[in-house]
Amino acid sequence: LASYDVVIVGGGAAGIACAASLRERDASLSVAIVDPADVHYYQPGWTFVGAGIFSPSTTARTMASLIPRGVDWVKAAVAAFDPARHAVVLEGCRLLRYRTLVVAAGIKLNWEAIEGLVDTLGRNGVTSNYRYDLAPYTWKLVQETRAGRALFTQPPMPIKCAGAPQKAMYLSCDHWLRQGRLRDMEVGFYNAGGALFGVPEYVPALMRYVERYGAALNFQHNLVRVDGEARRAWFVRSGEDGQSEVVQREFDMIHVVPPQQAPDFVRASPLADEAGWVDVDQFTLRHKHFENIWSLGDVMNAPNAKTAAAARKQAPVVANNVLHFLGRARGLARYDGYGSCPLTVERGKIVLAEFGYGGKLLPSMPRWLINGTEPSRLAWYLKEWMLPPIYWKAMLRGREWLARPVITEG
Ligand code: FAD
């Protein structure tokens, strides 16, 4: 029966960053990452794939090439948690024991929740930047569409990268505008929620682009069914009076963002809160009931924006606090809720939303360099040229000059 100082469930953005951070702090720790996937994806790049800026292959690397040196990769799926025995159950009923556990299994995209969607994804004008193999189809459709109606949908929160549904719309509209086709397009944004963006400071800049592109905003519209061949979509529109009705729209292309939830094996576990997310203290990221379990990334319930940028800040916090528990670090680190959403409002400009708990603005650049509430060319260069190497070469390798945690207690 294998046993480790730290077992990390999930080798995505959060899991690899945390493993690297742990080993960087203490190379004597025994650490295992459990993940069945052969490929690791840089998902923040998919918005750019959908706009023809990045080629898909730049957003994928083999898992084997990213597992930090000295860390074991257990290539299997975790089926269940057994916190009483300090063990995870792997598929095939193998047990893996730990002294401390870190859960970083990401979020589940629930494509099946929308009737008819799975049958038509990638065909009939139905696309999504939320999948590696589909993001190139978004760009193909954008290039091919010369006139007609384009719909962009956003499901109920929480979702990863809450700005991504509208990023797809802005970049598509920008292309049509530059090609002189936008006047022949009818563009609609269909959002299950009631606001364009959760932090109000960023909304005025975004609204100027909505107006520039002539996009119609439809709030409280939740996509429930797609018929690709008939090119029709159905939404449940909820009224203020609590009444709801089904509305139908025809489309030439539709960019769908699926509803999202915690993975099933997490939802069904003793680690989950009522909504299914791993139940953590939002500052220490330690589990509320199990003292030797932590969680980071999209899978847990701290009220931050679910982004890779958030995971970059969370990884050293968890690494430090795990070491503190093992008696190998002095103070406790606290996470301030930082998350970031680079809203690509046009090709070459970004509204760089950076904020923490309670919507507090947490800009990482001085205002004269990048004013996050206004479109910025420098922020675009940051996203196109700087963030990918920061992700691969710093975040996933435990280099923390951009995410040094504050240690608060001795
Ligand atoms: P993931 O990176 O998804 O990794 C989860 C891992 O867990 C996977 O490797 C998976 O194989 C593994 N796993 C799942 N189930 C099991 C199991 N049973 N056992 C073992 N392992 C398991 N973020 C930004 O910061 N900026 C952006 O601009 C941005 N844009 C985005 C645009 C799009 C289109 C998308 C889809 C996402 C975007 N994000 C962005 C969000 C960002 O990609 C995620 O927040 C980030 O990847 C979360 O990291 P994670 O490790 O929690 O999950």
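Just so you know, these numbers come straight off a predicted model, no measurement behind them.

Definitions and cut-offs
Here the residue index of a chain counts from 1 through its sequence in written order. Local features in a predicted model are, by the rule used here, given only for residues with pLDDT of at least 70; side-chain atom pairs are given and counted only at 80 or more, and totals for whole chains, interfaces and linings are based on all residues. Neither water nor hydrogens contribute to the side-chain values; these are computed over all heavy atoms in the structure. The rule for a salt bridge is simple: a side-chain nitrogen of Lys or Arg has to be within 4 Å of a carboxyl oxygen of Asp or Glu. Starting at the N terminus, helices and strands are each numbered in turn, a helix being any DSSP run of H or I of at least four residues and a strand any DSSP run of E of at least two. Under the scheme applied here, a residue whose accessible area is under 20% of the maximum for its type counts as buried, over 50% as exposed, and between as partly exposed, the area being computed with a 1.4 Å probe on protein chains only. What counts as an axis is a line fitted to C-alpha atoms, over the stretch in contact for a helix, and the angles between N-to-C directions run from 0 to 180 degrees. We call two directions roughly parallel when the angle between them is under 35 degrees, roughly antiparallel when it is over 145, roughly perpendicular when it lies between 65 and 115, and oblique otherwise. Put simply, a crossing is left-handed when the front helix is turned counterclockwise from the back one by less than a right angle, and right-handed when it is turned clockwise. Should any heavy atoms of two residues lie within 4.5 Å, those residues are considered in contact. Each residue is assigned to one of three groups, with Ala, Val, Leu, Ile, Met, Phe, Trp, Tyr, Cys and Pro labelled nonpolar, Asp, Glu, Lys and Arg labelled charged, and all others, Gly among them, labelled polar. Multiplying 1.5 Å by the residue count of a helix minus one yields the expected span of that helix.

**Student:** Give me the pattern of salt bridges: which residues, what numbers.
**Tutor:** Applying the stated criterion across every chain yields a total of 18 salt bridges. Between Asp-5 and Arg-99 there is a salt bridge, with the nearest N and O atoms lying 3.2 Å from each other. Residue Asp-5 is found in strand β1 (residues 3–9), and its partner Arg-99 is found in strand β8 (residues 95–103); the two are separated by 94 residues along the sequence. A salt bridge links Lys-108 to Asp-264, with the nearest nitrogen and oxygen atoms 3.1 Å apart. You can see Lys-108 sitting in strand β9 (residues 108–109) and its partner Asp-264 sitting in helix α8 (residues 264–267), a full 156 residues away along the chain. For Asp-264, a relative accessible area of 43% translates into the label partly exposed. Look at the salt bridges and you will find they share partners, linking Asp-5, Asp-26, Arg-99 and Arg-328 into a network.

**Student:** Describe the packing of helix α6 (residues 164–178) against helix α7 (residues 203–212), naming the residues involved and giving the relevant values.
**Tutor:** When two helices pack together, their arrangement is given by the angle between their axes and by how far apart the axes lie. Running from N to C, α6 and α7 cross one another at 45°; their axes reach a closest spacing of 10 Å. Considering the angle they form, α6 stands oblique to α7. Crossing of α6 against α7: the hand is left-handed. Counting all contacts with α6, which are made through Gln-166, Tyr-170 and Leu-177, the residues of α7 involved are Leu-206, Tyr-209, Val-210 and Arg-212. For the contact of α6 with α7, the residue count by class is five nonpolar, one polar and one charged.

**Student:** Give a description of α6 that names residues and reports values.
**Tutor:** Over its 15 residues, α6 extends 21 Å from the first C-alpha to the last, a length consistent with the 21 Å expected when each residue adds 1.5 Å. Of all 15 residues that make up α6, 13 are buried, and the element is covered over most of its length. Immediately downstream of α6, the backbone of Gly-180 shows phi near 75°, a positive value.

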